[in-house]
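Each chain, written out:
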Amino acid sequence: MIKIQNVSKSYKKGEKVIDDISLEIKDGEIFGFIGQNGAGKTTTIKMMTGILEIDEGDILIDGKSIVNEPVEAKKMFGLVPDNPDMFLKFSGIEYLNFIADCYNISKEERIKRIEELSKKFEIYDELDNKIENYSHGMRQKIVIIGVLLHNPKNWILDEPITGLDPKSSFDLKELMKEHAIKGNTVFFSTHILEIAEKLCDRIAIINKGKIIFLGTLDDLKNKYGNEKSLEEIFLNLIKMGDNNE
Amino acid sequence: MNKLKNIFNLTKLYIKESKDSTSILKKNLLKIEKKSVLYYLYIVLFLGILYASVEVISYIINMGKPELFINSFFLILNLFIMMKSAMVSLNVFYFSKDIENILHFPLKPSEILISKFNTLLYMNYEIEIIFAIIPLLVYGTMMKAGLMYYLNLIIILIIFPVFTSLIVSVIMIILMKTVKLFKNKEIMQFLISILFISIIMFIVSFYTIYLFSNNSLEESKIIVLNNINEKIVAMNKIFLSINPTSSILESSSFILVLFNYCKLIFINICAFVAFIILGNKLYLKQLLQAKFYYKTNKIKNIELNKKCKKKKITKSYIKKEFKILTKNPLFFIQCIYPVIIITLLFIVLFSIMLPAFIEVLQSEEYKEVRETLKFDIEAVCLIIGTIQIIGLFNYTSITSFSRDGKNAYLIKILPIDLMKQFIYKNIPQITINTLLSIFIFIVIKYKISNIGTMYILIMFLLSEFFTIINSFILCIIDLVMPKLDWNGEYEILKNNKNKLLQYVLIIFNILFLVFIKNLFEEIELNISLGIILIILILLLIAFYIFINENKNKLFKKIN
C-alpha cells in the first residue's frame, strides 16, 4: 500500500510544483497517474521513492515513511525509471547481480528469478553482453528485470511502456495485472490514455501540481460525459483547471 | 576563397566546442573572463612563474651562460606542447561530438582536417600563454634586449607550436591506421593515448639521465653548465624546430635570424604538406570508421550458476565503483591516468636527481648546507605535501557522483544508507592514492636510507589521514555541485568546474603544511608527529559527523 499524505514540493520559494496532494493506493490495485508533460508526475514519483526531498507531508510505503525510515521504505518498492540508460559498461548479468546484492537476494533465488524473467522478456541470450550494445527496448527490459528481481510488493513505474516492442509491452502489462491480482500494488505514470483505460482500476489526473481528478474511469466518464472519449475528457479537464486559475 | 571561409568558420565552431572549463581564453575567444575562481588561480600561477623565472634566469645570467635558458626553455615548452597534443589530438581529430554534426555538410575532408588542426594549435597557444610569455619577457628584460627581441618573440610564439602540432597530428593519423587491429574503439583510444604519453615520458627520463650523467664535481659550475648546454643543443637537433627558434632570439645578426626563419618556415611547410597528403588519403575514411563504429552482440549460452554470485553489499558496491572506472577507458584516462603518470614521473626524476643532489652535497663547497640538513618536521611536511599534491591529480573523488550521470538517482532508491554510499564512493580514490603513496614511500626508504622505518610508517599514516580527508572534501564538492547531465564520458572533466576547486585544495594543502611546519618547528619531532596525528584523527571524526548529520542536505542534488 502507498499513502501520499498532503505532500507539497517547490523548487523556488512560493512556486509549488506539487501542491498538497494526497493519494492512497490500496493493495491489489493498479493505479494510473496521468498528466501532461511537466504536470508533476515525475516529481511525485521522485518524492515517493526518496529521490527528491519532500517539503511538506509524508509518503508511506507499506507503513514505512520515506522521510523517517528511508532504507526500510526503499526495500518495499521497485522503481522502473523513464530513462533506462544505466550501467552501460556492465553486462546485463553484472547489473542484475549488483541489484541482487543490494537487496540481499540469495544465490538460488537470483538464479531462479533471473532465468525466469529474462526468458519471459526474451533477453536471456543477451545477458552476457554489455548493456551499451542493447537497444532502447532491451535496456528497458533489463531495468524492469532488475526491479522485479527482489519481488517488491509495490511497483512504481515511470512511463514504463515507452520504448518497448508490442510483445514486451503486452508482457509487462500482463505482469502488472498478475502482480496486482496477488494483492500487490502497481503505481504507474503515463500520458498514454489508452493504456490507463485498459489497465487501471483507478486513476489520478494531475495538472500543475494539483490532483484534478481521483477515481475510477467509470466515475470519470459518468461525471464528464459518457459519449466523450477519454482524450476529450482529459483535455477538457486540463482546460477547466487552467481557466480556474 | 570559399575554402578559406569554410576553414575559418569551422575553426571558430570547433574552438568554441572544444572549450574546457579551465580554458584561459573564454567566450569571445580572445577575452579573459575575470569573475571566476580560475582567474585568480591563474594570477597565483603567473606570480609563481614570474618568481621562478626571475630566480632561474638571474642564476643562469650570473653564471655567464644565458643561452642555456633559451635552449632549455624551448625544449621544455616543446615537451609541454607534445604532451598536450598527445593527450587531446585523438579527441580533437576523431572523437569530438561536433564532427558528427557537420559530416553531412558539403565540406572537403581537408577543410575539416585543417580546421581540426587549428583547434589543436589554439589549445597549444593556451599552453604558451600560460607557460611561455612571462619567462621569455623576464629573460628579455634581464638581458636588456632590444625591440627586435620582442618582435621576434611575438613571431616565434606564433610559429613555434605549429611544427610539433603537425608532427603529433601526422603520427596520430598513422596510428589511427591501426584502427582495424582493434575491435573496440575505446580500447584503441586508450592504448594510443597511453602509447603516446609513455613515449614522451621516456623522452623526459632519457633527457634527464643524459643531462645529469658525466658531470664531474671536480669541474667548476661554469664548466658543468657548459656541458649541459652543449648536450641540450645536441638533443634539440632531434626536434628540428627548437634550435632555429633559439637562434632567432639569441642572435644579433640579421642574416642569421633570416636564415633561421627560412629554416623554420621550410620545415613547417614540409610537415604541413605531409599532414595534408596523409590527411587527404586517410582522414575521412578513418573518421567514418571511428564515428560510426558498431559492435554486434554475441549470443551466448550463459551459465547462470557460474555467473551469479552473492556478495556482501559493501563488496559489491565497491566493486561496482571500480568497474565503472576501469571498464570505461575514458573515465580511466581522465580520472586515474594523470595521477599514475605524475607518480611515475616523480619517481623517475626523484631517482635520477637525488643521487646527483647527494653527490653535489658531498663537496666541500656545500659543507654548510649539508650540516643544516636533517630529518625534521620540515622534511616530514615536504614529503607528505609532495605525496598529497601528486595524489590530488587523481580525479576519482571529484567525479564520484558525477560519473553516474543520469542514473545517479539510483543512489537514492537503493536500500543502502547514504553515509555508507558516501564512504563507498571514496574508496577508489583512497585505494589508488594509498597504493601510490606506498610506492613512493618504498622509493624514499630505498633512496634515503637514514630515515628510520618507524618514521616512514608514521609519515605513511599521516599521509593516509590527509588522503582520506582530501577525498572526503572532494566527494562533498561533487555531491553539492554534481555534473550529472553529460552526454559523453569525456565531458566528465572537460566542462566540470569542480576540478578548479581541486586545484584550490592543492594550494590549501600546501598552506596547511606550511602552517604545521611553522607551528611545530621548535617542538621535538616525535611529539609534533603525535600532535599532528591527533589533529588529523579529530578532523576526520569531525568530517564524519558533519557528513552523517547533513547527509540528506548533501545528497539533495542527486536526483
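About the criteria used
Residues numbered from 1 in each chain as written. Chains lettered and ligands numbered in written order. Predicted model: local features only at pLDDT ≥ 70, side-chain atom pairs only at ≥ 80, totals over all residues. Heavy atoms only, no water. Helix = DSSP H or I, 4+ residues; strand = E, 2+ residues; numbered from the N terminus. Rg over C-alpha atoms; globule rule 2.2 N^0.38 Å. Contact = heavy atoms within 4.5 Å. Areas by Shrake-Rupley, 256 points an atom, 1.4 Å probe, with all protein chains shown as cover. Buried < 20%, exposed > 50% of the residue type's maximum accessible area, 1.4 Å probe, protein only. Pairing = 2+ DSSP bridges. Right-handed = clockwise from strand over helix to strand, strands pointing away. Axes fitted to C-alpha atoms, helices over the stretch in contact; angles between N-to-C directions. Expected span 1.5 Å × (residues − 1). Phe/Tyr/Trp six-rings, centres within 6.5 Å; stacked < 30°, edge-to-face > 60°. Core = buried A, V, L, I, M, F, W, Y, C linked by side-chain atoms within 4.5 Å. Buried area = accessible area lost by both parts, 1.4 Å probe. Salt bridge = Lys/Arg side-chain N within 4 Å of Asp/Glu carboxyl O. Polar contact = N/O pair within 3.5 Å; in protein donor to acceptor, adjacent residues only side chain to side chain. Nonpolar A, V, L, I, M, F, W, Y, C, P; charged D, E, K, R; others polar. Patch = residues over 30% accessible without salt bridge, like charges linked within 9 Å, V, L, I, M, F, W, Y side chains within 5 Å. Lys, Arg positive; Asp, Glu negative; His and termini not counted. Charge placed at Lys NZ, Arg CZ, Asp CG, Glu CD. Domains from an automatic or database assignment.

Enquirer: For this particular structure, what's the right way to read the overall build of chain A?
Expert: Along chain A, the regular secondary structure elements total nine helices and 10 strands. The C-alpha radius of gyration of chain A comes to 18 Å, within 12% of the 18 Å expected for a compact globule of 245 residues. Viewed in the frame of its principal axes, chain A has a C-alpha envelope of about 55 × 40 × 30 Å. For chain A, contacts bridging at least 24 residues in sequence account for 66% of all contacts bridging at least 6. A total accessible area of about 10,200 Å² is found for chain A, and carbon and sulfur atoms account for 47% of it.

Enquirer: Where do I start with the pairing of strand E8 (residues 185-190) of chain A in this structure?
Expert: Residues in a regular strand point their side chains to alternate faces of the sheet. Residue and element names in this part refer to chain A. Among the six residues of E8, six are classified as buried, and the element is accordingly described as predominantly covered. The alternating pattern of E8 places Thr185, Phe187 and Ser189 and Val186, Phe188 and Thr190 on opposite faces, both of which are buried. Examined bridge by bridge, strand E3 (residues 30-35) and E8 share five bridges and lie parallel to one another. Considered in E8, the bridge of Ile34 is made with Thr190. By the bridge criterion, five bridges tie strand E7 (residues 154-158) to E8 in an arrangement that is parallel. Bridge pairing links Leu157 to Phe188 in E8. Following the chain from E7 across helix H6 (residues 166-181) to the adjacent parallel E8, one finds a crossover that is right-handed.

Enquirer: In this structure, what is going on with the sheet that holds strand E10 (residues 210-215) of chain A? I would like to understand it.
Expert: Strands in a sheet are paired, the pairing made by backbone hydrogen bonds, and the direction either parallel or antiparallel. Residue and element names in this part refer to chain A. On the basis of which strands lie adjacent, the open sheet formed by six strands has the order E6-E7-E8-E3-E9-E10 and mixed pairing. The open sheet is flanked by strand E6 (77-80) and E10, the only strands paired with a single partner. The average undirected angle you get between the axes of adjacent strands in this sheet is 15 degrees. In the sheet, E3 pairs with strand E9 (residues 202-207) via five bridges, with the strands oriented parallel. Pairing of Gly32 across the sheet is with Ile203, part of E9. In this fold helix H8 (residues 217-224) packs onto E9 and E10, with an angle of close to 105 degrees to the strand it touches most, E10.

Enquirer: Sorry, what's going on with helix H5 (residues 136-148) of chain A here?
Expert: Three- or four-residue spacings in an α-helix give side chains the same orientation, since the helix completes a turn every 3.6 residues. Residue and element names in this part refer to chain A. With 13 residues, H5 should cover 18 Å at 1.5 Å per step; its first-to-last C-alpha distance of 19 Å lies within 8% of that length. Of all the 13 residues making up H5, 12 are buried; the element is thus mostly covered by neighbouring parts of the structure. Every buried residue belonging to H5 is among Gly137, Met138, Arg139, Gln140, Lys141, Ile142, Val143, Ile144, Ile145, Gly146, Val147 and Leu148, and all of these are buried. Buried positions along H5 lie against E6, helix H3 (92-102), helix H4 (107-120), E7 and H6.

Enquirer: In this structure, what is going on with the packing of aromatic side chains? I would like to understand it.
Expert: Here a ring pair, both rings aromatic, is described through the centre-centre distance and the interplanar angle of the planes. Residue and element names in this part refer to chain B. As enumerated under the stated definition, the model contains 21 aromatic pairs over all chains in all. With centroids separated by 6.1 Å and ring planes inclined at 85 degrees, the aromatic side chains of Phe441 and Phe460 adopt a geometry described as edge-to-face. Pair noted here: Phe441 is in helix H18 (residues 418-447) and Phe460 is in helix H19 (residues 453-480), with a separation of 19 residues, a long-range link. Since its relative accessible area comes to 4%, Phe441 is described here as buried. Residue classification places Phe460 among the partly exposed positions, given a relative accessible area of 21%.

Enquirer: How do you make sense of the sheet that holds strand E1 (residues 2-12) of chain A when you look at a structure like this?
Expert: All names here are of chain A. The antiparallel open sheet is built from four strands, whose spatial order is E2-E1-E4-E5. Both edges of this open sheet fall to strand E2 (15-25) and strand E5 (64-65), since each of them pairs with a single strand only. Examined bridge by bridge, E1 and E2 share seven bridges and lie antiparallel to one another. Within the sheet, the bridge partner assigned to Ile4 lies in E2 and is Leu23.

Enquirer: Before we go on, may I ask you to explain unusual backbone geometry in this structure?
Expert: Peptide bonds are, in most cases, trans, and in most cases residues other than glycine have a negative phi. Of note in the backbone geometry, A:Asp20 takes a positive phi value of approximately 50 degrees without being a glycine. One can find A:Asp20 in strand E2. A positive phi angle is found at B:Lys144, which is not glycine, with a value near 50 degrees. On the basis of relative accessibility, which here comes to 74%, the residue B:Lys144 falls in the exposed class.

Enquirer: Looking at this structure, I do not really get the nonpolar core. What am I missing?
Expert: In globular proteins that are soluble, nonpolar side chains generally tend to be buried together. Membership of the largest hydrophobic core comes to 239 residues, with the highest contact counts inside it found for A:Ile59, A:Phe187, B:Leu136 and B:Phe422. The biggest single contributor to this core is helix H3 (residues 67-95) of chain B, with 18 residues. Other than its neighbours up to four places away in sequence, B:Phe422 contacts B:Phe401, B:Phe472, B:Cys475, B:Ile476, B:Leu479, B:Ile547 and B:Phe555.

Enquirer: What am I meant to see in the interface of chain A and chain B here?
Expert: How big an interface is tends to be stated in terms of the accessible area lost upon association of its parts. Listed as interface residues are 45 residues of chain A and, on the opposing side, 39 residues of chain B. Per-residue buried area on chain A facing chain B is highest for A:Ile51, A:Lys89 and A:Asp101; these three make up 16% of the total on that side. If you look at where chain A meets chain B, you find three salt bridges. Between B:Lys307 and A:Asp128 there is a salt bridge, and its shortest N-O distance comes to 3.2 Å. Applying the counting rule to chain A against chain B returns 12 residue pairs in polar contact (both at pLDDT 80 or more). The biggest single contributor to the side of chain A that touches chain B is H3(A), with seven residues. Partitioned by chemical class, the residues of the side of chain A that touches chain B number 21 nonpolar, eight polar and 16 charged.

Enquirer: Before we go on, may I ask you to explain a negative patch on the surface in this structure?
Expert: Residue and element names in this part refer to chain A. There is a patch of like negative charges on the surface, built from Glu194, Glu227, Glu231 and Glu232. Following the sequence through the fold, Glu231 ends up in helix H9 (residues 230-244). Accessibility expressed as a relative area gives 49% for Glu231, which makes it partly exposed.

Enquirer: Where do I start with a nonpolar patch on the surface in this structure?
Expert: Residues and elements named next belong to chain B. Side chains of Leu147, Met148, Leu151, Ile154, Ile155 and Ile158 sit close together on the surface and give an oily, nonpolar patch of about 590 Å² of accessible area. Summarising the element assignment, Leu151 is placed in helix H7 (residues 147-176). Residue Leu151 is classed as partly exposed on the basis of its relative accessible area of 42%.

Enquirer: Can you help me understand the environment of B:Ile469 in this one?
Expert: Residues and elements named next belong to chain B. Note on placement: Ile469 falls in helix H19. The exposure class assigned to Ile469 is buried, which follows from its relative accessible area of 6%. When the C-alpha positions of Ile469 and Ile541 are compared, they lie 9.8 Å apart, and in sequence the two are 72 residues distant. The contact partners of Ile469, leaving out residues within four places of it in the chain, are Leu536, Leu539, Leu540 and Phe543.

Enquirer: Looking at this structure, how should I read the domain arrangement of chain A?
Expert: Residue and element names in this part refer to chain A. Domain annotation for chain A reports domain 1 (2-76 + 152-244) and domain 2 (84-151). The centre of domain 1, based on its C-alpha atoms, is set 26 Å off from the matching centre of domain 2. Facing 18 residues of domain 1, the contacting portion of domain 2 comprises 13 residues. Summed over both partners, the interface of domain 1 with domain 2 comes to about 1,200 Å²; 63% of that surface belongs to carbon and sulfur atoms. Of all residues in domain 1, the largest losses of buried area upon contact with domain 2 belong to Pro152, Leu164 and Leu175, amounting jointly to 36% of the total for that side. Our count for the domain 1 to domain 2 interface comes out at one salt bridge. Linking Lys167 and Glu122 is a salt bridge whose minimum nitrogen-to-oxygen distance equals 4.0 Å. Applying the counting criterion to the domain 1 and domain 2 interface returns one residue pair in polar contact (both at pLDDT 80 or more). The element best represented in the side of domain 1 that touches domain 2 is H6, accounting for seven residues. The residue makeup of the side of domain 1 that touches domain 2, split by class, is six nonpolar, four polar and eight charged.

Enquirer: Help me out: how do you make sense of helix H16 (residues 377-391) of chain B in this one?
Expert: Residues and elements named next belong to chain B. Between the first and last C-alpha of H16 there are 21 Å, a value that for 15 residues agrees with the 21 Å anticipated at 1.5 Å per step. Summarising burial for H16: 11 of the 15 residues are buried, a large majority. Looking at H16, one finds that the buried residues are Ile377, Ala379, Val380, Cys381, Ile383, Ile384, Gly385, Ile387, Gln388, Ile390 and Gly391.

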